[in-house]
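So the chains spell out like this:
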Amino acid sequence: MTSKPEKWAVVADFDGTVSMKDVSDELCFHFKTASRAGIRGSYAPGVKVEDWLAASFGAITARRGEIEKFVSGFARPRAGARRFYEYCRRNGLPFEIASGGLDIYIAPLLEKWGLGDSRYFCAAVTPARPAGYSVNYRKMLGRAATVDEFKAQRVRRLKKQGFRVLFCGDGTSDLLAALEADAVFARFKLARLCARAGKKTKRLVSFDAALKFLKDREHASGAV
């Protein structure tokens, strides 16, 4: 007699998680609306990523084509991201991206990297007048007060549907979601914050370890 298989779902951050680098940080630095010191400061506890990015990205005056060309030249996916996503899709595992980043680069990069069918949540960017860009988080956040809380809401929503949730992230805005998740793959500040909070994590280098994690649970739950 086989046991009932565990139902898993995935929620992942985008910048520095699905992507190797934080794309929004690199954009703001390249177009000189934020310094490296300012970027480091944006990760401090208590800083709302949505406020910082709305101000820093919003001040960029380069045309959209220039932004897209720069992003295309440096942005790369984390190794194994497509294999991980395709495994989830083939096996009916919900896969969501919840990001404080921007649709101006997230949508085209997901398409380019073969993850274009992913369900993703991020801020909407529109041109502002007389220059710069407007960054709108209202539609994404809904009733959530912050990006941090929105990510945690996505995890809780899937758990209420009966799933166990694997979360992948790297930054301070990922902590609340990580604390809600059943398993966490983390890097950078998220790994340190989880350690301080007593939350166990696995190291996020590529997505291959996360893929193995899901496969192992699939095999274990179906064992006789």
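Here is a short report on the structure shown in this document. Since the model is a prediction, treat every value here as computed from it, not as a measurement.

Right, let's talk about the packing of helix α2 (residues 23-30) against helix α4 (residues 49-58) for a bit. Interhelical geometry of α2 versus α4 gives an angle of 40° and a closest axis separation of 9 Å. Looking at the two axes, α2 sits oblique to α4. The chirality of how α2 crosses α4 is left-handed. Contact residues: α2 offers Ser24, Asp25, Leu27 and Cys28, while α4 offers Trp52, Leu53, Ser56 and Phe57. Here the residues of the contact of α2 with α4 sort into five nonpolar, two polar and one charged.

Here the focus is the pattern of salt bridges. Counted under the stated rule, the structure contains 16 salt bridges. We note a salt bridge from Arg164 to Glu6, for which the minimum N-O separation is 3.3 Å. In this pair, Arg164 is assigned in strand β5 (residues 164-169) and Glu6 in the segment before β1 (8-12), connecting sequence segments 158 residues apart. Here Arg164 falls in the partly exposed class, since its relative accessible area comes to 35%. A residue is classified by how much of its surface remains accessible, and Glu6, at 35% relative accessible area, is partly exposed. Between Glu96 and Arg119 there is a salt bridge whose closest N-O contact spans 3.7 Å. Taken as a pair, Glu96 in strand β2 (residues 95-102) and Arg119 in strand β3 (residues 119-127) lie far apart in primary sequence, 23 residues in all. Owing to a relative accessible area of 3%, Glu96 belongs among the buried residues under this scheme. Each of Glu96, Arg119, Arg154 and Arg157 takes part in a single network of salt bridges with overlapping partners.

This next bit is on the sheet that holds strand β6 (residues 183-186). Strand pairing in a sheet relies on backbone hydrogen bonds. The paired strands run either parallel or antiparallel. An order of β4-β3-β2-β1-β5-β6-β7 is seen for the seven strands of this open sheet, with the pairing classed as mixed. Of all strands in the sheet, those with a lone pairing partner are β4 (133-136) and β7 (202-203), marking the two edges. Pairing between β1 and β2: three bridges, direction parallel. Bridge pairing links Val11 to Glu96 in β2.

The next thing to look at is helix α5 (residues 64-74). What α5 keeps buried is the set Ile67, Phe70, Val71 and Phe74. Each buried residue of α5 lies within a common arc of 95° when the element is viewed along its axis, so the set occupies one face. Exposed and facing more than 90 degrees away from the buried side of α5 are Lys69 and Gly73. In this structure, the buried side of α5 is in contact with α2, α4, α7 (103-112) and β4.

About the criteria used
Residues numbered from 1 in each chain as written. Predicted model: local features only at pLDDT ≥ 70, side-chain atom pairs only at ≥ 80, totals over all residues. Heavy atoms only, no water. Axes fitted to C-alpha atoms, helices over the stretch in contact; angles between N-to-C directions. Helix = DSSP H or I, 4+ residues; strand = E, 2+ residues; numbered from the N terminus. Parallel < 35°, antiparallel > 145°, perpendicular 65-115°, else oblique. Left-handed = near helix turned anticlockwise from the far one by under 90°. Contact = heavy atoms within 4.5 Å. Nonpolar A, V, L, I, M, F, W, Y, C, P; charged D, E, K, R; others polar. Salt bridge = Lys/Arg side-chain N within 4 Å of Asp/Glu carboxyl O. Buried < 20%, exposed > 50% of the residue type's maximum accessible area, 1.4 Å probe, protein only. Pairing = 2+ DSSP bridges. Arc of directions from axis to C-beta.

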